[in-house]
Amino acid sequence: MNAEFFAALDALQSETGISKEYMLEKIEAALIAAFKRDSSNSNIKVYLNENKKEMKVYQLKDVVETVENPTLQIDLQSAKKISRRYNIGSVAEVEFKPKDFGRISAQTAKQVIIQGIREAERGILIKEYESKKEELISAGVYKIDPPTGNAILDIGKGEAVLIKSEQIPGEVIREGERIKVYVIEVKNQTKGPLITLSRRHQGLVKRLFELEVPEINDGTVVINAIAREPGSRTKIAVSSNNPDVDPIGSCIGAKGGRINAVVSELGNEKIDIIKYSEDPVEYIKAALSPSNVVDVRVNETERSCRVIVEPSQLSLAIGKEGQNARLAAKLTGYKIDIKTSAAQ
């Protein structure tokens with residue numbers, strides 16, 4: 001344990017943020033364990049003196065009149081040679097110089113430092129990505145695992161996996177490209193942080209619009225609700241806190257530039273933007289666009305409604321395989337029963 005070793009701890013603290021005191025405590029504990037294995041006396045004490053740039057190991061022995069066990073005991077005369085303060089019943093610190101002292105010290109310190117670096121990096125990564133929970137991050141696609149279809153992503157200070165089931169159905173992710181992913185959750189596990197990423201989550205759509213639409217980012221335009229079937233279609237309800245700002249126009253942008261940027265990131269997923277309303281009748285009518293609704297009869301108690309459309313609008317209101325009606329129901333929170341005016 002020389003000056004170079006303590007200088008290395010200083011450098012480690014500067015580069016990784018690992019406290020030098022923390023590392024010294026870890027090394028001291030590890031050295032005690034290592035020397036206990038090398039000595040029949042398990043009462044070991046280690047001193048790491050940063051000021052003197054040295055390390056010493058001591059065996060702790062009881063000071064007695066008559067020594068019966070030399071490994072654990074020391075006579076008073078011998079103890080006084082070490083320090084005059086020792087008396088019968090004291091515990092003397094006897095310097096211990098085990099065989100291969102330097103090798104044990106170096107190997108133990110190295111192992112502890114490596115482990116300390118790993119723990120610190122893991123802690124830093126967890127802390128960083130915990131702050132990004134429910135946020136959008138940009139990641140590079142490092143590798144695609146052919147058997148599973150999982151994408152290994154470079155997220156800056158480490159790697160994370162975008163599993164196949166959290167990818168947009170039908171999208172092809174290629175090695176080397178950059179994609180945006182939504183951070184669902186961050187968990188601390190023994191092997192490191194487990195970061196759950198998604199491109200299916202509706203939060204991804206919300207964050208993409210916040211990125212593209214300044215009025216959403218500054219709070220002027222509000223996303224009130226989102227209903228999504230990843231890879232196919234999304235409906236978004238928006239409103240404005242400023243009567244002079246059109247929430248739908250803000251999201252679409254000049255010549256569709258803003259919404260097209262989101263659609264492109266989502267692999268050309270269709271996006272319907274509708275105006276949110278506190279009036280359930282108006283809200284449900286808007287949610288069923290692009291169909292024209294004749295009438296809406298709402299049952300607030302059961303959170304259900306009957307919607308009346310012209311016969312020519314029925315297939316449009318229901319949508320392919322019921323998708324339009326299904327997304328409208330998710331968006332508004334109402335069970336929707338669609339009938340034609342001819343059936344009334």
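Residues numbered from 1 in each chain as written. Predicted model: local features only at pLDDT ≥ 70, side-chain atom pairs only at ≥ 80, totals over all residues. Heavy atoms only, no water.

A word on the overall build of the protein. Regarding its fold elements, the protein presents eleven helices and 15 strands. The globule rule puts the C-alpha radius of gyration for 344 residues at 20 Å, and the 34 Å found for the protein is more than 25% above it. Relative to all contacts within the protein whose residues are 6 or more apart in sequence, the contacts with residues 24 or more apart total 56%. One finds the centroid of the 50 positive side-chain charges in the protein at a distance of 3 Å from the centroid of its 49 negative side-chain charges. (Helix = DSSP H or I, 4+ residues; strand = E, 2+ residues; numbered from the N terminus. Rg over C-alpha atoms; globule rule 2.2 N^0.38 Å. Contact = heavy atoms within 4.5 Å. Lys, Arg positive; Asp, Glu negative; His and termini not counted. Charge placed at Lys NZ, Arg CZ, Asp CG, Glu CD.)

Turning to the confidence of the model for the protein, a few remarks are in order. With 92% of its residues at a pLDDT of at least 70, the protein reaches an overall mean of 88. Within the protein, helix α4 (residues 101–130) has the poorest average pLDDT of any element, 70, and strand β11 (residues 233–240) the best, 98. (pLDDT = per-residue confidence, 0-100.)

Now for unusual backbone geometry. Residue P290 follows S289 across a cis peptide bond; omega there is 15°. In this structure, E134 is a non-glycine residue whose phi angle is positive, near 65°. Summarising the element assignment, E134 is placed in the loop between α4 and β5 (136–144). E134 sits in the partly exposed class, given a relative accessible area of 42%. In this structure, K255 takes a positive phi of about 55° despite not being glycine. In this structure, K255 sits in the loop between α7 (247–252) and α8 (257–265). (Buried < 20%, exposed > 50% of the residue type's maximum accessible area, 1.4 Å probe, protein only.)

Our next topic: the packing of aromatic side chains. One pass over the full model with this rule turns up two aromatic pairs. When the ring of Y47 is compared with that of Y58, the centres are 5.5 Å apart and the planes differ by 80°; the resulting orientation is edge-to-face. You can see Y47 sitting in strand β1 (residues 44–49) and its partner Y58 sitting in strand β2 (residues 54–64), a full eleven residues away along the chain. For the pair Y276 and Y283, a centre-to-centre distance of 4.8 Å together with 75° between the ring planes defines the contact as edge-to-face. Here the basic side chain of R303 rests over the ring of Y334, its NZ or CZ set 4.0 Å away from the ring centre. (Phe/Tyr/Trp six-rings, centres within 6.5 Å; stacked < 30°, edge-to-face > 60°. Lys NZ or Arg CZ within 6 Å of the ring centre and 35° of its normal.)

I284, L288, C305, V307, L331, I336 and I338 are the most contacted members of the largest nonpolar core, which has 21 residues in total. For this core, the secondary structure elements donating two or more residues are β10 (221–229), α9 (280–287), β13 (293–299), β14 (304–309), α11 (323–332) and β15 (335–340). Ranked by residue count, the leading element in this core is α11, at four residues. The contacts of L331, once residues within four sequence positions are left out, are A225, I226, A227, K235, I236, A237, I274, Y283 and A287. Core analysis: the next-biggest nonpolar cluster, separate from the first, contains 20 residues, I168, L204, I259 and I271 among them. (Core = buried A, V, L, I, M, F, W, Y, C linked by side-chain atoms within 4.5 Å.)

A few words on the pairing of strand β7 (residues 159–162). Of the two faces of β7, only the one carrying A160 and L162 is buried; E159 and V161 on the other face are not. In this sheet, β7 lies alongside strand β6 (residues 151–154) in antiparallel orientation, the contact comprising four bridges. Paired with A151 across the bridge in β7 is L162. (Pairing = 2+ DSSP bridges.)

Right, let's talk about the sheet that holds β11 for a bit. Strand order in this open sheet of three strands is β10-β11-β12, and the pairing throughout is mixed. A strand with exactly one partner marks an edge of an open sheet, and here the two such strands are β10 and β12 (270–275). When the angles between neighbouring strand axes are averaged without regard to direction, this sheet yields 20°. Looking at chain direction, β10 and β11 are connected through eight bridges and run antiparallel. The partner of E229 across the bridge, within β11, is R233. Strands β10, β11 and β12 of the sheet are contacted by α9, whose axis makes an angle of about 160° with β12. (Axes fitted to C-alpha atoms, helices over the stretch in contact; angles between N-to-C directions.)

It is worth spelling out the pattern of salt bridges at this point. Scanning the model with the defined rule gives 16 salt bridges in all. K270 serves as the salt-bridge partner of D272, at 3.8 Å between the closest nitrogen and oxygen. Take K270: its relative accessible area is 46%, and that puts it in the partly exposed class. Taken together, the salt bridges that share partners define one network made up of R233, K235, K270 and D272. (Salt bridge = Lys/Arg side-chain N within 4 Å of Asp/Glu carboxyl O.)

Considering the arrangement of structural elements, one finds E269 in the loop between α8 and β12. Among the polar contacts listed, one links the side chain of E269 to the backbone nitrogen of G231, at a separation of 2.7 Å. Setting aside anything within four residues of it in sequence, one finds E269 in contact with I168, R228, E229, P230, G231, S232, R233, T234 and V263. (Polar contact = N/O pair within 3.5 Å; in protein donor to acceptor, adjacent residues only side chain to side chain.)

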